[in-house]
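# Architecture and fold: a report
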Amino acid sequence: MRPVVSGLMTDRVIEERNVDYGVMLWATLFDERVIVDLESGLGWASTSIARRLSATFLDAMQRSR
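The rules behind these values
- Residues numbered from 1 in each chain as written.
- Predicted model: local features only at pLDDT ≥ 70, side-chain atom pairs only at ≥ 80, totals over all residues.
- Heavy atoms only, no water.
- Axes fitted to C-alpha atoms, helices over the stretch in contact; angles between N-to-C directions.
- Helix = DSSP H or I, 4+ residues; strand = E, 2+ residues; numbered from the N terminus.
- Parallel < 35°, antiparallel > 145°, perpendicular 65-115°, else oblique.
- Left-handed = near helix turned anticlockwise from the far one by under 90°.
- Contact = heavy atoms within 4.5 Å.
- Nonpolar A, V, L, I, M, F, W, Y, C, P; charged D, E, K, R; others polar.
- Phe/Tyr/Trp six-rings, centres within 6.5 Å; stacked < 30°, edge-to-face > 60°.
- Buried < 20%, exposed > 50% of the residue type's maximum accessible area, 1.4 Å probe, protein only.
- Polar contact = N/O pair within 3.5 Å; in protein donor to acceptor, adjacent residues only side chain to side chain.
- Core = buried A, V, L, I, M, F, W, Y, C linked by side-chain atoms within 4.5 Å.

## Considerations on the packing of helix H1 (residues 2–10) against helix H2 (residues 19–29)
The N-to-C vectors of H1 and H2 enclose an angle of 120°; their axes lie 9 Å apart at closest approach. As summarised for this structure, H1 and H2 are arranged oblique, according to the angle between their axes. The hand of the H1/H2 crossing is right-handed. Together, Arg2, Val4, Val5, Ser6, Leu8 and Met9 of H1 and Val19, Asp20, Gly22, Val23 and Trp26 of H2 make up the contact between the two elements. Here the contact of H1 with H2 is built from residues that sort into seven nonpolar, two polar and two charged.

Listed below in structure tokens is the structure:
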């Protein structure tokens, strides 16, 4: 996960922040159990899950000051 988060910072998709925080946030949001619950429990499509969790991750990283 570290290379992904660092890459987002290098590519300026997100501002440079604490990479360890970004990895922890990524692991929390994209935990397999969360995805399964969203899919089976709420009936969300995988594309919707990916879009919403990605947007949440990017927003949270921009706000973590």
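## Topic: the packing of H2 against helix H4 (residues 46–63)
It is the contact of H2 with H4, at a shortest axis distance of 10 Å, that shows an interaxial angle of 155°. In terms of their interaxial angle, H2 and H4 are classed as roughly antiparallel. Relative to H4, H2 is oriented so that their crossing is right-handed. Here Tyr21, Gly22, Leu25, Trp26 and Leu29 of H2 lie close against H4, whose contacting residues are Leu53, Thr56, Phe57, Ala60 and Met61. Counted by class, the contact of H2 with H4 contains eight nonpolar, two polar and no charged residues.

## Comments concerning the packing of aromatic side chains
Two aromatic rings are characterised by how far apart their centres lie and by the angle between their planes. Taken as a whole, this structure holds two aromatic pairs when the rule is applied. When the centroid spacing of 5.1 Å and the interplanar angle of 85° are considered together, the rings of Trp26 and Phe57 count as edge-to-face. Note that Trp26 is positioned in helix H2 and Phe57 in helix H4, a separation of 31 residues in sequence. Aromatic rings pair up to connect Trp26, Phe30 and Phe57 into one cluster.

## Points about helix H3 (residues 32–41)
Burial runs low along H3: only one of the ten residues are buried. Looking at where H3 begins, the residue whose side-chain oxygen comes 2.8 Å from the main-chain nitrogen of Arg33 is Asp31. Positive backbone phi, approximately 75°, marks Gly43, located one or two places after H3.

## Description of the nonpolar core
Counting 13 residues, the largest nonpolar core has Val5, Met9, Ile14, Phe57 and Met61 as the members making the most contacts within it. Only H1, H2 and H4 provide two or more residues apiece to this core. Those residues in contact with Met61, other than ones at most four positions away along the chain, are Met9, Ile14, Arg17, Asn18, Tyr21, Gly22 and Leu25.

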